[in-house]
Amino acid sequence: MTNVILVGHEISALAVAKKLGKEYLSEIPTPDELPWSVEETQAPNNALRNAVLEVKDAPGCIDTIDWLKSHGAVVVWCVLGKAAAASEPCPWAAIYDVRVLIWDGDQPGDIVNNVSDRVQQCPWFTSTRGCGGAGYDFLKVVRSGIAPDGGLFIPLAKPKFSLNELAGLAANCSSYVTLAQFVLEKFIPFMPYTRGLTPQELHVLLKKAYSAERWEAPEACPVVPLRAKSEARARCHVLELFHGPTAAFKDFALQVFPQFFAKSVASHTSQYVILAATSGDTGVAAINGFMHERDIAVMVLYPKHGVSAVQKAQMLRCECEHVRVLGVDADFDFCQATVKRIFNDGAFKAKLLAEEDAMLSSANSINWGRLLPQIVYYVWGYTRLVAKGEVSNGEPVDVVVPTGNFGNILSAYCAKLAGVPIRTLVCASNENNVLADFIKTGTYDISNRALKVTSSPSIDILVSSNVERFLFLLSDGDSKLVSDLMRDLETTRTFTLPDNLKEKLQQHFVAGSCSEADCLATIKSVQEEHSYLVDTHTAVAYKVMQDYRSTVETAAPILLASTASFAKFPDAVKEALDGKTVPSHAPYDPNEVYAAITKATGAQVPRALQGIQQVPDSRCCAKDEAAIKDALKTFCGELRRGS
């Protein structure tokens, strides 16, 4: 049994124990006499007894607890949620392993269950394909990227938020960093025997990741109401995910993930190289995030004609000795498939290690550590709506997400599974509508599809890698089924869900798609009706949202994920506004286009993109996996030689 010390500061742990009553204390065994003395720990085999320790003399208690932790005890800090959300430092913040927040209205049984669940939370991961996950904790998963059997890692733990907890967060937590700490502590087990990331380390990296120096918006993630002229109150709220250093939603994960990764490889001496494929936003976000971790290199593959001119310029202007950007004469699906095949090529990876002392990992959302931070902003979005009185606590909302690789909407689904009151997840596709068709029919079919290049390139994807993780969750962990479906997709380019899973899918999701013409028309109509300028991906989501709302009898408040700044796609946005085409793949000055857009709408270009200039492709490669491997090996060799 885990040895637990139950500690209180702002709220006395002794008071908690008394509140629980004798019928509950049997579930959290404690000594008969309180406070607990150190002598009682001196049992054979260091068999520490569970205990409740009341805080009276903080320095002395901390010394005692440090001693106990060195003997394998786990410190559970019971604290009033209202106090935990305050900015004042507390001595217990420096030593706890697990924090249990106690909110007004919590019942004794709730507190006991919360303590028990957190202490016993499983720290291990499994693979979506059923093997290769044994012994993988969070940091090992971050370091590995993909499971040894070719599947995707997923945690065995299933954390939950109670409505009372969400109400407490809404009322008391106005800081994105503070809320992110609460959420991630739920999802990352902080147990000493896993040698993992401590809550104290997490706090430091979150403050760094979401600092004002890196983010333009004070809240990092504003929730903005869009109220139509005919509405007394807004029923659509935009979750603005584009205020980070590269002006897209990937920053929320890729300012945190590189720090996770650096921690996971701190004891390794080999050169680590992050190999990532991008459909536009992941590439520059990964480069920007890892630029702060100098001992880790990055190589990005992007479809040469499948990203916007601004997205390409953002990546290419960052090239340096530790960053390699490679344009591939192919689409994103080829780039992503190549990355996955390289990760599964044991012989090639062994050769890299033997000859170049280099090891690979991923920054795409196939890596659970990349996906996890995205769950946070859906919890944030809901609690901000509650805090502002836009919804009552427990009132369900619909969430609309433009998605191509299924990672962003999967994060919202994970938030729903964890207890955030989300009624329906609305999947918004552009003309590459394989996900919309999958949700409508239960069949995922790319056998006769060709990828279309659109003005929303970040969702120009046919093979959505996170569908595999979703299938595992949807099927309650049926790894054999997932393996069979993934094999069908690889061999026949299609699979069909069993009827029971199709029904379950459609209980949670609806979907729609948006044409290029409708995308541009939506940009203009939203600007005219709301004086609010959206990018092409958000326009796709808005159009699908409108179509969805016209079909439902009972409207729910909507949280719409806005995934990028308009300034990443200036050519399409300007065309939407004035009808004049900008040749997106011919040389042009984005700043001239920005000036025209600002003059027409008043919208300001984020500082991350001010002054940006087009950059010619410096390194290009044919649609050839062997050539990409050669380029990767050459890069690793240059890193080893320091050239």
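Located above this text is the structure these notes cover.
From a predicted model like this one, the values you see are computed outputs, not experimental measurements. (Residues numbered from 1 in each chain as written. Predicted model: local features only at pLDDT ≥ 70, side-chain atom pairs only at ≥ 80, totals over all residues. Heavy atoms only, no water.)

(A) Layout of the overall build of the protein chain. In terms of regular secondary structure, the protein chain is built from 26 helices and 19 strands. Residues counted as buried form 60% of the 643 residues belonging to the protein chain. Sequence-distant contacts in the protein chain: of pairs separated by 6 or more residues, those separated by 24 or more amount to 74%. For the protein chain, the exposed surface amounts to about 24,200 Å²; the carbon and sulfur share of it is 50%. (Helix = DSSP H or I, 4+ residues; strand = E, 2+ residues; numbered from the N terminus. Buried < 20%, exposed > 50% of the residue type's maximum accessible area, 1.4 Å probe, protein only. Contact = heavy atoms within 4.5 Å. Areas by Shrake-Rupley, 256 points an atom, 1.4 Å probe, with all protein chains shown as cover.)

(B) Just the side chain of K543, in detail. With respect to the element layout, K543 can be found in helix α23 (residues 536–549). Exposure remark for K543: the relative accessible area of 16% places this residue in the buried category. The contacts of K543, once residues within four sequence positions are left out, are C514, D518 and T522.

(C) Fine view of the environment of S144. Looking at where S144 falls in the secondary structure, it is placed in helix α6 (residues 138–144). By relative accessible area, which is 24% here, S144 ends up partly exposed. Separated by 199 residues in sequence, S144 and F343 place their C-alpha atoms 9.4 Å apart. Dropping the residues within four chain positions of it, S144 is found in contact with Y136, F153 and S361.

(D) Summary view of the packing of aromatic side chains. According to the stated counting rule, one finds 22 aromatic pairs in the structure shown. Ring geometry for W215 and F252: centres 4.6 Å apart, planes at 55°, overall tilted. Residue W215 is located in the loop between α9 (199–209) and β7 (223–226), and its partner F252 is located in helix α10 (residues 250–254); the two are separated by 37 residues in the primary sequence. An aromatic cluster is defined as three or more aromatic residues linked by ring pairs; in this entry it consists of Y176, Y210, W215, F252, Y377, Y378 and W380. Lying over the aromatic face of Y136, K140 brings its terminal NZ or CZ to 4.4 Å of the ring centre. (Phe/Tyr/Trp six-rings, centres within 6.5 Å; stacked < 30°, edge-to-face > 60°. Lys NZ or Arg CZ within 6 Å of the ring centre and 35° of its normal.)

(E) Inspection of the nonpolar core at higher detail. Of all hydrophobic cores here, the largest spans 123 residues; its most connected members are Y176, F260 and F495. Take this core: its biggest share by element is 12 residues, from helix α16 (residues 368–387). Formed by 43 residues, the second largest nonpolar core is a distinct cluster that contains A428, C519, L577 and A603. (Core = buried A, V, L, I, M, F, W, Y, C linked by side-chain atoms within 4.5 Å.)

(F) Region of interest: helix α21 (residues 499–508). Residues of α21 that are buried include every one of L501, L505 and H508, and no others. Angularly, the buried residues of α21 cover 70° about the axis, an arc narrow enough to put them on a single face. More than 90 degrees from the buried face of α21, the exposed residues found are D499, N500, E503 and Q507. Buried residues in α21 make contact with α17 (407–417), β14 (422–429), α18 (434–441), α19 (467–474), α20 (479–492) and β17 (509–513). (Arc of directions from axis to C-beta.)

(G) How the structure looks around α23. Counted at 1.5 Å a residue, the expected span for α23 with its 14 residues is 20 Å, and the 20 Å between its end C-alpha atoms agrees. Counting buried positions over the 14 residues of α23 gives 11, a clear majority of the element. Every buried residue of α23 is listed here: T536, H537, T538, A539, V540, A541, Y542, K543, V544, M545 and Y548. (Expected span 1.5 Å × (residues − 1).)

(H) Expanded view of the sheet that holds strand β18 (residues 558–562). Strand order in the open sheet formed by 6 strands is β7-β8-β18-β13-β14-β17, and the pairing between neighbours is mixed. Unpaired on one side and paired on the other, β7 and β17 mark the two borders of the sheet. Neighbour-to-neighbour, the strand axes of the sheet open up by a mean angle of 25°, direction not taken into account. Direction of pairing for strand β13 (residues 397–402) relative to β18: parallel, over a ladder of 3 bridges. Its bridge partner lying in β18, D398 is registered against I558. Each of β14 and β17 is contacted by α18, which is oriented at about 140° to β17, the strand it contacts most. (Pairing = 2+ DSSP bridges. Axes fitted to C-alpha atoms, helices over the stretch in contact; angles between N-to-C directions.)

(I) Molecular detail of the packing of helix α8 (residues 176–187) against α9. With their axes 10 Å apart at the nearest point, α8 and α9 run at an angle of 140° to one another. Judged by the inter-axis angle, α8 sits oblique to α9. When you trace α8 past α9, the crossing you get is right-handed. Taken together, the residues of α9 that come into contact with α8 (itself represented by V177, A180, Q181, L184 and E185) are P199, L202, H203, L206 and K207. (Parallel < 35°, antiparallel > 145°, perpendicular 65-115°, else oblique. Left-handed = near helix turned anticlockwise from the far one by under 90°.)

(J) The state of the cysteines, seen in detail. For the coordinates displayed, the defined rule picks out 0 disulfides. Considering cysteine sulfurs only, C620 is the nearest to C621, which forms no disulfide, with 8.8 Å between them. Residue classification places C621 among the buried positions, given a relative accessible area of 11%. (Disulfide = S-S within 2.5 Å.)

(K) Expanded view of the pairing of strand β8 (residues 236–240). Burial analysis of β8 places 5 of its 5 residues in the buried class, the great majority of the element. Side-chain alternation along β8 places C236, V238 and E240 on one buried face and H237 and L239 on a second face that is also buried. The pairing of β7 with β8 spans 4 bridges and is classified as antiparallel. Across the sheet, the residue bridging to V224 is V238, located in β8. Note that β8 and β18 share 5 bridges and pair parallel. Counterpart to H237 in the pairing with β18 is L559.

Any link to function would need more than the numbers given here.
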